[in-house]
Amino acid sequence: MKNCIMQIVGNRPQFIKLAPVSKEIRRRGYQEIIIHSGQHFDENMSNIFFEELGIPFPDKNLHISGGSHAEMTARMMIDLEKIVLIYKPDIVIIYGDTNTTLAAALVVKKINIPLVHIEAGPRTGNQQNPEEINRVIVDRISELLCTPDRSSYHNLMQEGLKERAFFSGDVMYDVFIQSRKRVDAHSILMDYSLEKKGYILMTWHRQENTSSREAMVHIIELLEQIDVPIVCPLHPRTKNALLKLGLWERVELISNLKLIAPVGYFEMIALTSNCRMTLTDSGGLSKESFFAGVMCLFMIDLHVWPELEDNGWLFHMKENNTVNLDFIRNVFNNDTQSNVRPDFYGKGNAAELIVNEIEKRFLMKGCC
Ligand code: UDP
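Quantities reported herein were computed from a predicted structural model and do not represent experimental measurements.

Let's shift gears to the layout of surface pockets. Empty space among the atoms becomes visible once a probe the size of a water molecule is rolled across them. In this model, the second largest pocket occupies a volume close to 420 Å³. Going through the elements one at a time, α9 (207–210) and α10 (213–225) are the ones with two or more residues in the lining of the second largest pocket. Per element, the largest residue contribution to the lining of the second largest pocket is four residues, and it comes from α10. Tallied by class, the residues present in the lining of the second largest pocket amount to six nonpolar, four polar and five charged.

And the structure:
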C-alpha cells in the first residue's frame, strides 16, 4: 500500500496553502489524512476554502480555538498526539507559523515521524512577534524545510539548517495562478459597486494591530483621511476588538470604507487583481499583491518579504499618516502596475517540487 501522508492545518491561509499540495499528493496515489485543529471555524473562514479549492473535507476536526497561546497550543498537543498515534502516518506536513503548526511540530517530532514544514524560513528578527517564535522553533525541529523565497532559504543557511532547507517556491503562488483563471471579477466588482483599479483592498487582523487602542486608532485616523473607496473584508478578531474598545461606531462612520464579511478565496483573488493597491497587515495578501502586480502599503513593522521591499512592491506604513497619504496619492496618480515581475516565489509549481523532494528524501529511501 502507498504511504500515508498527514497534513495538519488550522487557519484560513493554511487551507489555501494546503490546496495544491493536497491535489499533488492525491494525484500520485498516496493516502492523505487531513487534520483540522479548529483554530478558524466560521463557514467563511474555513469550509468555504475546502469547497472552492476542491480539498477533501478534514478526516478529523479538533474544534480547538480561542484561549491564550499556551491554552490553545497545549489543548491541541494533547488531542493531536492521540490522533497521530491512531493514524500512524509516514510523513506529516505542516504550514506557516500558527499555534496549530507549533503544536503539531512538537507532537510529531516526539513521536519520531518525519516532519515537513512548508513556508519555512521567513524571519522578522522580532521575537515579540508570536508568529516568529513559532516559526523559529518549528524550523529547528522539522526534517524538510520548504522555503517560499530565496531569502528564507538564505536565513536557514545562516542558522546552520542548509542540509534540511529546500527552495521550493511558494504554494500560495501555485494556488493564485490556478485560481485566477476561474474567477468572474466583473460580477464581483459590480456586487460591491467598485471600479476596476479605483479602490484600495484592505485587510486588518494581526495581533499587533488589534490588541491596543493606540494601534487601532492610528489605522482609523488614516482611513478617515483616505479619499478613495476602500473595501475591507473584516476579520472576526478585528471586529471583536473594535466593538470591545468602543471604536466600531467611529469606523462605521467612515464614508469611503466598505466593511464586508470575510470572503471566499475566489472573491478575494478577484478583489486583489482589480484593486489599485492593498492596505494590509497580512503576510499572505502582501505577497498576493505582488502576484497581481499591485502595490502594498504594509501595516506592520515586520520585514517578512525582503524581495518585495527591495524591489519597491511593499512599503511600510509610517507613524506619520501624512507620509502614508502621500504614498497612496502617488499610487493612484501614477500607473504603478507592472506585468513584468521576477520569479521571487518560484514558477507556480511549488507543490510538485515539494512532493518530489519528499519522495526523494523520505519515501524512496524506504525510511518509512
Ligand atoms: N483571504 C480570503 N478572504 C478574506 C481575506 C483574506 O480568502 O476575506 C485570503 C487572502 O487572499 C490570503 C489569505 O486569506 O490568501 C491570508 O490570510 P490571513 O490574512 O488570514 O493570514 P496571514 O496572511 O496574515 O497569515
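From this point, the discussion proceeds with the structure in view.
Along strand β5 (residues 115–118), one buried face is formed by L115 and H117 and the opposite face, lined by V116 and I118, is buried too. One ladder, built from three bridges, connects β5 with strand β6 (residues 144–147); its direction is parallel. Across the sheet, the residue bridging to I118 is C146, located in β6. Taken together, β5, helix α5 (residues 130–141) and β6 form a β-α-β motif whose crossover is right-handed.

Applying the stated rule across the entire model yields 13 aromatic pairs. Note on F290 and W313: the rings are 5.3 Å apart at their centroids and 80 degrees apart in plane angle, and the pair reads as edge-to-face. Pair noted here: F290 is in helix α14 (residues 283–292) and W313 is in the loop between α15 (306–310) and β13 (314–316), with a separation of 23 residues, a long-range link. Assessed through its relative accessible area of 9%, W313 is described here as buried. Classification of F290 by relative accessible area gives buried; the value is 4%. Among the aromatic residues, those joined into a cluster by ring pairs are Y173, F176, F290, F291, W305, W313, F344 and Y345. Seen from the ring of Y30, K2 lies directly overhead, with NZ or CZ sitting 4.3 Å from the centre. A cation sits over an aromatic face here: R276 above F332, 5.9 Å from the ring centre.

What follows deals with the sheet that holds strand β9 (residues 230–233). Paired through their backbone hydrogen bonds, the strands of a sheet run either parallel or antiparallel. The six strands lie next to each other as β10-β9-β8-β11-β12-β13, forming an open sheet whose pairing is parallel. Where the open sheet ends on each side, the last strands, each with one partner, are β10 (257–260) and β13. Neighbour to neighbour, the strand axes of the sheet diverge by 20 degrees on average, direction disregarded. Here four bridges tie β9 to β10, and the two strands are oriented parallel to one another. Across the sheet, the residue bridging to I230 is L257, located in β10. In the packing of α14 onto the sheet, the strands contacted are β8 (200–203), β11 (277–280), β12 (295–298) and β13, and the crossing angle to β12 comes to about 155 degrees.

Before going further, it helps to spend a moment on the side chain of T210. Mapping T210 onto the fold places it in helix α9. On the basis of relative accessibility, which here comes to 8%, the residue T210 falls in the buried class. Here R206 takes part through its backbone oxygen, which lies 3.0 Å from a polar atom of the side chain of T210. Setting aside residues no more than four positions away along its own chain, T210 makes contact with W204, H205, M216, R237, T238 and A241.

Moving on, we come to unusual backbone geometry. Unlike most non-glycine residues, H63 shows phi in positive territory, near 55 degrees. Checked against the element boundaries, H63 lands in the loop between β3 (60–61) and α3 (69–87). Assessed through its relative accessible area of 62%, H63 is described here as exposed. A positive phi angle, close to 45 degrees, is found at K88, a residue other than glycine.

On to the site of the ligand. Lining the immediate environment of the ligand, one finds 16 residues, of which R12, V263, S282, G284 and E288 sit closest. Contact between the ligand and S282: an oxygen atom at 2.8 Å from a side-chain N or O atom of the residue. A distance of 2.7 Å separates an oxygen atom of the ligand from a polar atom in the backbone of G284. In isolation the ligand offers 530 Å² of accessible surface; the protein chains occlude 94% of this area. Elements represented by at least two residues in the shell around the ligand include exactly α1 (12–27), α13 (265–274) and α14. Class assignment for the residues of the shell around the ligand results in nine nonpolar, five polar and two charged.

Our next topic: the pattern of salt bridges. Applying the stated criterion to the full structure yields 18 salt bridges. Among the salt bridges present, the one from E24 reaches R28, with a minimum N-O distance of 2.9 Å. Within the structure, one salt-bridge network assembled from shared partners comprises K17, D97, E119, R135, D170 and K287.

A word on the sheet that holds β6. Read from one edge of the open sheet, seven strands run β3-β2-β1-β4-β5-β6-β7, paired in parallel fashion. Each having just a single partner strand, β3 and β7 (165–167) make up the two edges of the open sheet. As defined by bridge partners, strand β1 (residues 4–9) adjoins strand β2 (residues 31–36) across six bridges and the pair is classed as parallel. When the sheet's bridge partners are listed, I8 is paired in β2 with I35.

Criteria and thresholds
Note that residues are indexed from 1 along each chain, following the sequence as it is written. At least 70 in pLDDT is required for a residue's local features to be given in this predicted model, at least 80 for side-chain atom pairs to be given and counted, and no such filter applies to totals for whole chains, interfaces and linings, which use all residues. Side-chain numbers come from the whole structure's heavy atoms, not from hydrogens or water. Method remark: on a 1 Å grid restricted to protein atoms, a set of points is classed as a cavity if a 1.4 Å probe fits but cannot get out and as a pocket if it is open with protein on both sides within 12 Å along at least five of seven lines; lining residues have an atom within 4 Å of a point. Grid points are joined across faces, edges and corners, and a volume is the space filled by probe spheres set on the points. In this description a helix means any DSSP run of H or I spanning at least four residues, a strand means any run of E spanning at least two, and both kinds are numbered starting from the N terminus. The nonpolar class holds Ala, Val, Leu, Ile, Met, Phe, Trp, Tyr, Cys and Pro. Asp, Glu, Lys and Arg form the charged class, and all remaining residues, Gly among them, are polar. Exposure classes here rest on a 1.4 Å probe applied to the protein chains alone. A residue is buried below 20% of its type maximum, exposed above 50%, and partly exposed in between. Pairing between strands requires that DSSP locate at least two bridges from one strand to the other. Note on handedness: a clockwise path from strand one over the helix to strand two, with the strands aimed away from the viewer, defines a right-handed crossover. Two aromatic rings from Phe, Tyr or Trp, using only the six-membered ring of Trp, form a pair when their centres are within 6.5 Å; if the ring planes differ by under 30 degrees the pair is stacked, by over 60 it is edge-to-face, and anything between is tilted. In this scheme, the term charge over a ring applies when either NZ of a lysine or CZ of an arginine sits within 6 Å of the ring centre and within 35 degrees of the ring normal. Every axis in this analysis is a line fitted to C-alpha atoms, fitted for helices over the stretch in contact. Angles between the N-to-C directions lie between 0 and 180 degrees. Two residues form a contact once any of their heavy atoms are found within 4.5 Å. Each polar contact in these results corresponds to two N or O atoms within 3.5 Å; when the atoms are within protein, one needs to be able to donate a hydrogen and the other to accept it, and residues that are neighboring in sequence are counted only if both atoms are side-chain atoms. Whether a residue is near a molecule or strand depends on its heavy atoms: if one lies within 4 Å, it is near. Areas reported as accessible are Shrake-Rupley estimates using a 1.4 Å probe. Residue values count occlusion only from the protein chains shown. Salt bridges, as used here, are contacts in which a Lys or Arg side-chain nitrogen is within 4 Å of a carboxyl oxygen on Asp or Glu.

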